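This is what each chain is made of:
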Amino acid sequence: MPSPKNNPKGRILVQTVPTLIPFTEVESGVFQVAMILSNKNHRVTMTAQGAIPEKKKRPGRKAIGIRLERKKDASLLNWNLKRPYPPEKIHIPIPVAAEPCVRVGDIVQTGQKIAEPKGPGGVSLHASMPGVVERIENFPDAVGRKSLMIEIRKHGEPKPIPAAEARKGWTEIPAEELLRIFQYSGLVTTDPRMEPVHVKLGRHAGARTIIINGCEPEPYITGEQVLTLSHPVEILKGAELLKKALGAVPTPINFRGSEMGAVPATVDPQKIKIGAEKIIFALENSNLEMMELIKSKIYFLKWEHAEVRSVPALYPQGLESTLLQAWFPGEEEKAVVFPASTAFAAYEAVALGKSFYEKVVTVGGECVVEPRSLWLPIGISFHDAIQACKGVMREPQKILMGGPMAGTVQATSEVPVMVGTTAILALPKEVVKDAIAEPCIRCNLCVDHCPVSLSPAMITLAADQKEFATAEEWGVSECIECGNCAYVCPSKRPMLELIRLARSRGEAAVGHG
Amino acid sequence: MAEATLSYKRVLPPHIHSTASLAKRNWGQLIALAPLFVTACLTGHAEILRVLLICLVSAVAFEFLAGKLFHKKESLRNGEAVLAAALFSLLMPSRCPSEVVILGVFSAVFAAKELFGGTGNYLLHPLLLARVFLQLCFPKVMSEPMLLAGDGNIWVLAAIGLGGIIFLKQKQGYWKTPILFMATCFICEALLGGQAMPLTFFSAVLFTAFFLLADPVTLPLTRRGTMLFVLCAALLSSRLSSEGFSIQGVGYAILLMNLLTPWLEVWLKPTPYKTKNQFKATYLS
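Calculation notes
Residues numbered from 1 in each chain as written. Chains lettered and ligands numbered in written order. Predicted model: local features only at pLDDT ≥ 70, side-chain atom pairs only at ≥ 80, totals over all residues. Heavy atoms only, no water. Helix = DSSP H or I, 4+ residues; strand = E, 2+ residues; numbered from the N terminus. Buried < 20%, exposed > 50% of the residue type's maximum accessible area, 1.4 Å probe, protein only. Contact = heavy atoms within 4.5 Å. Phe/Tyr/Trp six-rings, centres within 6.5 Å; stacked < 30°, edge-to-face > 60°. Lys NZ or Arg CZ within 6 Å of the ring centre and 35° of its normal. Disulfide = S-S within 2.5 Å. Pairing = 2+ DSSP bridges. Salt bridge = Lys/Arg side-chain N within 4 Å of Asp/Glu carboxyl O. Axes fitted to C-alpha atoms, helices over the stretch in contact; angles between N-to-C directions.

K.L.:
I'd like a description of the overall build of chain B, backed by residues and values.
P.N.:
Per the secondary structure count, chain B includes twelve helices and zero strands. Listing the helices and strands of chain B from first to last along the sequence gives α-α-α-α-α-α-α-α-α-α-α-α. Looking at chain B residue by residue over its 285 residues, the buried ones come to 53%. Long-range pairs, those at least 24 residues apart, make up 80% of the contacts in chain B between residues at least 6 apart in sequence.

Dropping the structure here:
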């Protein structure tokens with residue numbers, strides 16, 4: 001720690017009161033006083049303008065993205081989370097790694113297990129509404145396929161769900177048991193990837209950091225934001241449970257060598273378990289009140305291992321891949337990202353013994369009468385979800401699952417909400433205009449806005465000419481398909497179609513060769 | 001509750017787009033050129049309107065013909081033909097005979113652009129190629145006084161500067177490109193000898209920086225490549241013609257660099273961010 005004497009700029013260095021919040025980036029003047037009080041290991045420089053923390057250099061790359069119109073205010077006006085009245089029937093999609101354990105005609109209750117995990121990578125499935133099992137058949141789902149679903153019809157009048165009681169001694173549950181609880185509560189990550197939580201933890205064995213992602217870079221979507229504002233402590237405790245559970249998975253050998261140095265040959269590699277030691281709460285720098293809230297909760301929980309970090313409010317900053325790219329460039333294995341809602345579900349599964357059957361979804365878009373985020377049972381149809389928000393004001397041009405940058409268009413509104421559904425958007429024709437594609441004029445905009453520094457123009461020009469080997473050479477396999485290139489293109493070229501074509505053909509070529 | 005199930009089209013994301021378009025770019029550039037034409041009329045270069053008119057009519061006619069031949073209609077719809085005509089009229093001498101102008105427009109719009117594949121596909125800057133072609137065929141006609149050569153005029157310079165500011169305000173291109181070009185030209189001239197006609201020199205440099213380098217089709221597809229392109233073009237154009245910087249020299253310099261563009265693209269291609277295979281996943285899958 002330099003003394004004021006050898007401080008080159010002649011500023012006064014203040015030794016701060018030792019407290020418990022680790023240093024995080026200062027985002028506004030509001031936090032600066034709190035910062036001085038809460039800094040433990042970091043110097044703060046006093047100037048005439050106030051306290052300026054010295055820039056801590058983090059490894060990472062410059063954040064690249066687009067500043068989109070966020071359009072979140074409409075759904076934030078009604079930000080108390082409610083549950084809709086149970087619909088007539090729901091279709092619960094069965095995960096690939098699960099086997100139905102109910103028969104047609106069975107009466108099920110909310111939270112009752114309706115499918116058993118199949119193998120160690122499987123998860124159980126739970127009914128999200130009381131009723132009668134009507135059919136177990138293939139129904140169209142929201143990603144354009146047909147998949148096996150359990151249809152449950154409402155049976156009698158729904159009874160109110162009794163208040164959940166805390167499981168006794170849940171903070172003392174050993175890590176191995178936590179993984180089992182996750183698996184048998186049907187816990188699945190609430191992002192579009194829908195990976196069982198215990199499988200994801202196993203895949204990221206050896207990670208030292210749990211990143212809880214509270215960012216939503218896409219317009220309209222506010223589910224994570226509303227949930228974080230309503231249940232900050234539950235999410236933090238859920239993060240702690242995920243961190244603990246990570247300690248139960250054995251570290252893969254290739255990673256152990258690089259991280260821990262030489263390991264004695266007598267040690268069984270299956271027994272080496274590192275576990276996480278740090279929690280990072282990722283938030284967008286536009287959500288100042290959320291950052292303040294989480295920081296104060298961490299402070300009063302006295303957690304030295306947790307910190308809040310912000311990303312610029314640019315699309316696609318705040319997606320799992322861009323968070324890892326920004327904070328752990330080249331060493332993605334050192335961190336594992338979970339959405340905040342997954343941490344909340346982990347808390348409920350462990351502390352309240354509640355199985356995973358509902359999630360917070362934003363129902364929004366200009367066409368919806370009362371856009372809001374609300375608890376939706378998994379399996380409720382998009383139509384019923386929109387009706388729970390008082391229906392539509394006008395026939396929408398497109399109904400999307402997910403945000404306007406990466407969402408999927410729905411052919412019908414009778415598809416069910418999945419675990420990976422973050423939003424249901426009904427957008428008018430003014431917003432989702434179709435444009436005619438023109439030739440590429442090589443304006444460089446897509447190259448400037450690519451978050452993984454590709455040259456989308458070169459790749460798509462190659463794909464246009466069926467030069468899939470060239471597209472591969474220019475790194476098409478590194479594309480994260482965020483859609484930035486297609487958004488900025490002045491010629492409105494179908495960039496994502498061409499990139500997907502190049503990807504599938506390139507992989508096919510590599511596979512044959 | 002018994003509403004009919006609605007049907008919607010299925011397409012790939014993104015479902016929203018920026019407001020940028022080719023038409024917006026072209027018409028924006030035409031707006032930036034407007035002060036120059038107004039000033040030319042007010043300062044006694046009204047003959048340029050005759051050249052402009054011939055250029056407009058012939059450019060639209062050739063684009064129409066090309067559209068019929070190659071089944072392409074973009075250039076007429078998005079104002080590209082009009083922009084090409086306006087820029088080309090500024091590159092021609094004010095008292096140029098009509099048939100020479102029409103030949104120039106033919107070689108620019110039809111031969112150098114549409115025969116190479118139309119919008120976005122040509123390798124060499126079509127207007128400069130046509131200008132060099134006419135220079136070689138009709139050296140006497142082409143050396144007659146033009147707006148951007150000769151004595152120069154402070155108002156013309158001011159109009160180009162205003163056009164440049166309008167162009168930068170529209171944020172169509174990368175603001176560093178014209179700035180780097182102008183800076184390099186000024187430094188070269190300061191180091192390598194004085195200019196006989198500073199006003200002409202400034203006008204030509206500004207015009208090149210804002211309007212001739214504004215066509216991204218012939219520039220490299222990377223920012224670093226574009227910067228190197230512009231730097232080399234500025235150095236070459238200062239030295240390529242005997243009387244220092246001139247529009248003729250610029251033509252040769254940019255055409256030479258256009259030929260190097262594919263190599264610049266490959267040499268200076270951006271380095272993609274690589275994710276380890278086991279963690280590789282797209283946002284959607």
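Moving on, there is more to tell.
K.L.:
Outline the environment of Arg 25 of chain B, supporting the account with residue identities and numerical values.
P.N.:
All names here are of chain B. Examined against the element boundaries, Arg 25 turns out to sit in helix 1 (residues 22–42). Owing to a relative accessible area of 10%, Arg 25 belongs among the buried residues under this scheme. For the pair Arg 25 and Phe 167, spaced 142 residues apart in sequence, the C-alpha to C-alpha distance is 9.6 Å.

K.L.:
Got a sec to walk through the packing of aromatic side chains? Specific residues and values, please.
P.N.:
Taken as a whole, this structure holds eleven aromatic pairs over all chains when the rule is applied. Centroid distance Phe 62 of chain B to Phe 106 of chain B: 5.2 Å. Interplanar angle 70°. Geometry classified as edge-to-face. On the criterion of sequence distance, the pair formed by Phe 62 of chain B in helix 2 (residues 47–70) and Phe 106 of chain B in helix 5 (residues 98–113) is long-range, its members being 44 residues apart. Accessibility expressed as a relative area gives 15% for Phe 62 of chain B, which makes it buried. Through successive ring pairs, a cluster of aromatic residues spans Phe 62, Phe 70, Phe 106 and Phe 110 of chain B. Across the ring face of Phe 338 of chain A, the terminal group of Lys 200 of chain A is positioned such that the distance to the ring centre comes to 5.3 Å. For Arg 223 of chain B, the ring lying beneath its charged end belongs to Tyr 174 of chain B, and the centroid distance is 4.0 Å.

K.L.:
Just give me the short version of the state of the cysteines, but keep the residues and values in it.
P.N.:
Residue and element names in this part refer to chain A. Following the criterion strictly, the structure yields zero disulfides over all chains and no others. Distance from the sulfur of Cys 440, which forms no disulfide, to the nearest cysteine sulfur (Cys 446) is 6.5 Å. This cysteine, Cys 446, is not joined by any disulfide, and Cys 443 carries the nearest cysteine sulfur, 6.2 Å off. For Cys 446, a relative accessible area of 9% corresponds to the buried category.

K.L.:
Which residues make up the sheet that holds strand 10 (residues 146–154) of chain A, and what are the values?
P.N.:
The pairing of strands in a sheet comes from backbone hydrogen bonds and takes either a parallel or an antiparallel form. If you walk across this open sheet you meet the four strands as 4-10-9-6 (chain A), and the pairing is antiparallel. Two strands bound the open sheet, and with one partner strand each, they are strand 4 (89–93) and strand 6 (107–108) of chain A.

K.L.:
Before we move on, could you go through the pattern of salt bridges and cite the residues and values that matter?
P.N.:
Residue and element names in this part refer to chain A. If you walk through the whole model with that rule in mind, you get 30 salt bridges over all chains. Where Arg 208 meets Glu 277, a salt bridge forms, and the shortest distance between an N and an O atom there is 2.8 Å. Placement of the pair is Arg 208 in the loop between helix 4 (197–203) and strand 11 (209–213) and Glu 277 in the loop between helix 7 (253–260) and strand 12 (278–284), with a sequence separation of 69 residues. When its relative accessible area of 48% is taken as the criterion, Glu 277 is described as partly exposed. Note that Glu 358 and Lys 354 form a salt bridge whose closest N and O atoms lie 2.7 Å from each other. Among the residues examined, Glu 358 registers a relative accessible area of 9% and is labelled buried. Accessibility expressed as a relative area gives 16% for Lys 354, which makes it buried.

K.L.:
Could you give an account of the sheet that holds strand 13 (residues 306–311) of chain A, with specific residues and numbers?
P.N.:
Residue and element names in this part refer to chain A. Strand order in the open sheet formed by four strands is 13-12-11-14, and the pairing between neighbours is parallel. Lying at the two open borders of the sheet, with one neighbouring strand each, are strand 13 and strand 14 (335–339). Neighbour-to-neighbour, the strand axes of the sheet open up by a mean angle of 25°, direction not taken into account. Two strands pair when backbone bridges link them, and strand 12 and strand 13 are joined in this way by six bridges, in the parallel orientation. Within strand 13, the position partnered with Ile 280 by the bridge is Glu 307. Running at roughly 165° to strand 13, helix 8 (residues 288–301) makes contact with strand 12 and strand 13 of the sheet.

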